[in-house]
Amino acid sequence: MKNLKILSFILLLFGCSNKNFSERPNIIFIMSDDHAVPAVSSYNGFLSNVFKTPNLDRIAKEGAIFKNAYCTNSICTPARASVLTGKYSNINGVFTLNEKISDSQNTFPKELQKTGYYTGMIGKWHLHTEPKGFDYWKVMIGQGLYHNPIYCEMGKGWSPDPEDGTGVKYEGYVTDINTDFAIDFLDKRPKEKPFMMMLHYKAPHDEWEHSEKYSSLFEDIDLPEPETLYDDYSTRGYGIYENTQKIGENHTFYEEETGHLNGRAKKGAQYQTYIKKYLRCVASIDENIGRVLKYLDENNLTENTIVIYTSDQGFYLGEHGMYDKRFMYEESLQIPFLMRYPKKIKPGTINDDIISNVDFAPTILDFAGNKIPSDIQGKSFTGFFDDSINLNWRQSLYYRYWMHGAHFNIPGHYGIRTKDFKLIYFYAKGLGYSHERYYPSENWVYEGNEIKDSNDYWEMYDLINDPNELNNIYDNPNYKKIKEELKNQLFDLKKYYKDTDESFPELYTLTKKYSD
Ligand code: CA
């Protein structure tokens, strides 16, 4: 009895009072850059008949697939900050591609490290400051390179510009090399501790340079087009008309192949070039995920390791005639989220609740047996996997894109998505987070960017009857009541996430009538 008391005391001391230390799961958090849902075949999107991702599908099949997972700000650096902190941009301070994440920000790797995990970060970092909360890191600091990438390694120096001699160049293709480093991390880790590894791939971010081995993939066939490739944008506000991420109009990478064409023909041809390059990059990711899963199998780690696969945000694969991201429309809002944990998640689990990237940190901490810090804005969804728990889960998502006009001429906006409807307010103001802030010392204009504040407008979609979001129903009188309800909910969410715009009088004054 006395020994038992001492053991309980020791366990309490280490913050694991109700869990055997050795049972804490290992965690591999894999995140790609700009990997859209239709390019993961288990989502059964428009490409799933021709393009297969067997290794990603294995995670879904042996674990869970989330059909309504979303990012909260569809752009690389802020999405990464939200994943790490479990907080929205307005709280973690990373609004755009430009801000540095403060060392004072708490993150889930810091929490895991404090409570006994061996933590690592491998791959694309894109957060401007030296990674903190990791026992080991080997990272590409900015966008990184597809071929012969340069990495900085913990203990060997950090520089915001790794090409100044701080970084080391590695010969080969980035997705393969990144996985080599991940497997090396797993091999060299102290085996007596649970581990948490973040494995962040550069691919399939533009400009879609694929590995030589996939050069002939889809060489001789035309791939399916998305239903909305030739969207004429009727019924929508000016933002989608005036954005400059349109295939065949602003996409300048394939002029050599398609410059002789015009209009619809040019859009179709550029789409084919683009989607083939994109999927060839994804093929390498899937192959390399297979290597990681095989390593776990061969080292008896599969059973007690949580494997998560996601992307920093979604991406347009030609839908609405676009490539890239940023808008709150489905394709750039939705992210793939697959999770395998044989001890706790039943194989073949399908979840359609609304989760977002601020939920990942608390969920991981919860599964690890950690206390979730009270200031984290996301929620743990481990309860979804326990039949004895009836989780009282959120019914709506709050989203905000801050970089007004900074890239591709897309207005600043925020909105709400429920299971059935979406309401977006394009406030179209820079608020100090626009192009001028992003390039403060450069008079750099990207393909006709308009950096001025513009007129605000709303869009609303009935996602059940119009899942492609082609028919803006904001002014449709049949939806008046629902519209008002959504507006109230939207401003309740803004209060809940402390994103109420008091510090931006030009916007606060404009919206005060809704928020009162
Ligand atoms: Ca990205």
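Just above sits the structure.
Residues numbered from 1 in each chain as written. Predicted model: local features only at pLDDT ≥ 70, side-chain atom pairs only at ≥ 80, totals over all residues. Heavy atoms only, no water.

Enquirer: Is there a simple way to think about the environment of Ser 216 in this case?
Expert: Mapped onto the secondary structure, Ser 216 falls in the loop between β8 (195-200) and α7 (238-242). For the pair Ser 216 and Gln 270, spaced 54 residues apart in sequence, the C-alpha to C-alpha distance is 17 Å. (Helix = DSSP H or I, 4+ residues; strand = E, 2+ residues; numbered from the N terminus.)

Enquirer: It is not clear to me how the pairing of strand β13 (residues 396-401) should be interpreted in this structure. Could you clarify?
Expert: Within a regular beta strand, the side chains point alternately toward one face of the sheet and then the other, so they alternate between its two faces. Burial analysis of β13 places 6 of its 6 residues in the buried class, which makes it a mostly covered element. Residue alternation in β13 divides its side chains into two sets, Ser 396, Tyr 398 and Arg 400 and Leu 397, Tyr 399 and Tyr 401, and both sets are buried. The pairing of β13 with strand β14 (residues 413-418) spans 6 bridges and is classified as antiparallel. The residue bridging Tyr 401 from the neighbouring strand is His 413, located in β14. (Buried < 20%, exposed > 50% of the residue type's maximum accessible area, 1.4 Å probe, protein only. Pairing = 2+ DSSP bridges.)

Enquirer: Looking at this model, I keep getting lost on the coordination of the calcium ion. Mind explaining?
Expert: Six octahedral donors at a metal ideally form angles of 90 or 180 degrees, and four tetrahedral donors ideally form angles of 109.5 degrees. Around the calcium ion, the protein supplies Asp 33 (OD), Asp 34 (OD), Cys 76 (SG), Asp 312 (OD), Asp 312 (OD), Gln 313 (OE1) and Gln 313 (NE2) as donor atoms, at distances of 2.1 to 2.9 Å. For Cys 76, a relative accessible area of 2% puts it in the buried group. (Donors = N, O, S within 2.8 Å, 3.2 Å for Na, K, Ca; no water.)

Enquirer: Teacher, can you tell me more about the packing of aromatic side chains here?
Expert: Both the distance between ring centres and the angle between the ring planes are used here to describe each pair of aromatic rings. On inspection of all chains with the given rule, the structure shows 51 aromatic pairs. Ring geometry for Tyr 88 versus Tyr 497: centroids 4.3 Å apart, planes at 40°, classification tilted. Here Tyr 88 is found in the loop between α3 (76-85) and α4 (89-92), whereas its partner Tyr 497 is found in the loop between α13 (480-496) and α14 (505-515), with 409 residues between them in sequence. Here Tyr 88 and Tyr 497 have matching classes, each one buried. For Tyr 497, a relative accessible area of 4% corresponds to the buried category. Lys 483 extends its terminal NZ or CZ atom over the ring of Tyr 474, reaching a point 4.2 Å from the ring centre. Seen from the ring of Tyr 414, Lys 494 lies directly overhead, with NZ or CZ sitting 3.5 Å from the centre. (Phe/Tyr/Trp six-rings, centres within 6.5 Å; stacked < 30°, edge-to-face > 60°. Lys NZ or Arg CZ within 6 Å of the ring centre and 35° of its normal.)

Enquirer: I tried to follow α3 on my own but got confused; where do I start?
Expert: Three- or four-residue spacings in an α-helix give side chains the same orientation, since the helix completes a turn every 3.6 residues. By the criterion of burial, α3 is predominantly enclosed, with 10 of the 10 residues buried. If you check which residues of α3 are buried, you get Cys 76, Thr 77, Pro 78, Ala 79, Arg 80, Ala 81, Ser 82, Val 83, Leu 84 and Thr 85. Of the residues one or two after α3, Gly 86 is the one with positive phi, at around 75°.

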